[in-house]
Structures are given as structure tokens and as C-alpha cells.
Amino acid sequence: CRNNEPYLVTLSYGYDEGKNAFYFHSRRRGLKFEFMQENPHVCATIIEDKGYLMNECAHEFRSVIIRGKMYFVEALEEKRYGMDILLKHLEDNPDKIRQESLSNDAVYRNLGILRLDVADIQGKWGR
């Protein structure tokens, strides 16, 4: 949020349990970066929507709401680490992507990686 104007964006993520942090891949410029530079405190949600249950007047879901502070990752070593967390979460074969697309430091220098340090996380599920 900046100047009382909220901003919402969908991002791919990976969770690092040891650091209690989420990593995101993003461009290194744009509106979300402008908002985060002014206010790095964010609220995020992850939803697993299993859909409406016909004839039961119910909806099956699981969700979490995360509050924390977002950081721009600048160090190459942490960019690699964050991208590994993302790939492990998203890909069946992360090594293939590393070999094909993430083969040198120049690639990582141009990557936008964000880290959300979790201050609070709450979840619920329902049917």
C-alpha cells in the first residue's frame, strides 16, 4: 500500500522453512517495486481452491494469510538460493531448468528475486 492505495499482484513462490521466508521471482522494475520501495510491509495470501461442491452448498478450500516485510534480494548467492527454493517448489525437474536457463552469473544479475520474511501466518480450511 502507498498513500492509502493498495496494490495486489499474483506471483509464483517458494517457501523456505528454515528461514521462515517466501521467495518470489519478478522483474526488477515496475509498479510492485515502486510500491515496495515506499512500503515494504505486505500481506499475502495463498489459496488452494478445490471448488464448489454441487448439491452441498459448500466450497472446499485451504488458505493462508501471511504478513511480513518484503526485501529486494541483491546478493548473487542469495538470488541463487532463492531461485533454488522456487524451483524446488514449482518444478518436477529443477536441475533441467538450472542447466538450460540459469547457467551463469549474468543471468542471476538480471533476475529480480524478492524475499518475504514472515512476521505472522494464519490459515484456515473449509468445506
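Report on the accompanying structure. (Residues numbered from 1 in each chain as written. Predicted model: local features only at pLDDT ≥ 70, side-chain atom pairs only at ≥ 80, totals over all residues. Heavy atoms only, no water.)

Quick word on the pattern of salt bridges
Rules: We define a salt bridge as a side-chain nitrogen of Lys or Arg found within 4 Å of a carboxyl oxygen belonging to Asp or Glu. A run of H or I in DSSP counts as a helix once it spans at least four residues, and a run of E counts as a strand once it spans at least two, with each numbered from the N terminus. Note on exposure labels: buried denotes an accessible area under 20% of the residue type's maximum, exposed denotes more than 50%, and partly exposed covers the range between, all computed with a 1.4 Å probe on protein chains only.
With the rule as written, the count across this model stands at nine salt bridges. Ionic pairing is found between Arg80 and Asp105, a salt bridge with its closest N-O pair at 2.1 Å. Residue Arg80 is found in helix α2 (residues 76–90), and its partner Asp105 is found in helix α4 (residues 105–110); the two are separated by 25 residues along the sequence. In this structure Asp105 comes out as partly exposed when scored by relative accessible area, which is 31%. Ionic pairing is found between Arg98 and Asp84, a salt bridge with its closest N-O pair at 2.6 Å. Residue Arg98 is found in helix α3 (residues 94–101), and its partner Asp84 is found in helix α2; the two are separated by 14 residues along the sequence.

What about the packing of aromatic side chains?
Going by this rule: Two rings belonging to Phe, Tyr or Trp (six-membered ring only in the last case) form a pair when the distance between their centres is within 6.5 Å. Interplanar angles under 30 degrees mark stacking, angles over 60 mark edge-to-face geometry, and anything in between is tilted.
Applying the stated criterion across every chain yields a total of six aromatic pairs. Plain terms: the ring middles of Tyr7 and Phe35 are 4.9 Å apart, the flat faces sit at 25° to each other, and that makes the pair stacked. One end of the pair, Tyr7, is in the segment before β1 (13–16); the other, Phe35, is in helix α1 (residues 31–38), and 28 residues separate them in sequence. In this structure Tyr7 comes out as partly exposed when scored by relative accessible area, which is 35%.

Examining α2
Condition: Any helix carries an expected span of 1.5 Å times its number of residues minus one. In what follows, residue pairs with any heavy atoms lying within 4.5 Å of each other are defined as contacts.
Here α2 contains 15 residues, and its C-alpha end-to-end distance of 21 Å stays within 8% of the 21 Å for a straight helix at 1.5 Å per residue. Restricting attention to buried positions, one finds in α2 the residues Glu78, Lys79, Gly82, Met83, Ile85, Leu86 and Leu87. Its buried side turned inward, α2 meets β1, β2 (21–26), β4 (58–73), α3, α4 and β5 (112–126).

Quick notes on the environment of Arg67
Following the sequence through the fold, Arg67 ends up in strand β4. A relative accessible area of 41% means that Arg67 is categorised as partly exposed. A C-alpha to C-alpha distance of 19 Å links Arg67 and Gly82, two positions 15 residues apart in sequence. Here Arg67 is in contact with Val42, Cys43, Asp117, Val118, Ala119 and Asp120, once residues within four sequence places are set aside.

Things to note about unusual backbone geometry
If you check the backbone angles, Asn3 has positive phi at about 50° while not being a glycine. When its relative accessible area of 72% is taken as the criterion, Asn3 is described as exposed. Unusually for a residue other than glycine, Asn4 sits at a positive phi of about 60°. Mapping Asn4 onto the fold places it in the segment before β1. Here Asn4 falls in the exposed class, since its relative accessible area comes to 77%.

Remarks on the side chain of Lys79
Condition: The positive count covers Lys and Arg only, the negative count covers Asp and Glu only, and His and the chain ends enter neither. In protein, a polar contact means a hydrogen-donor-capable atom and an acceptor-capable atom, both N or O and within 3.5 Å, with residues adjacent in sequence counting only if both atoms are side-chain atoms; elsewhere, any N or O pair within 3.5 Å suffices.
With respect to the helices and strands, the residue Lys79 is situated in helix α2. Buried within the structure, Lys79 lacks any salt-bridge partner; Glu74 is the closest side chain of opposite charge, at an N-O distance of 5.0 Å. Of note is the side chain of Lys79, whose polar atom sits 3.3 Å from the backbone oxygen of Arg109. At 2.8 Å, the side chain of Lys79 and the backbone oxygen of Leu111 are in polar contact. Discounting residues that sit within four places of it in the chain, Lys79 has contacts with Arg28, Val73, Glu74, Tyr108, Arg109, Leu111 and Ile113.

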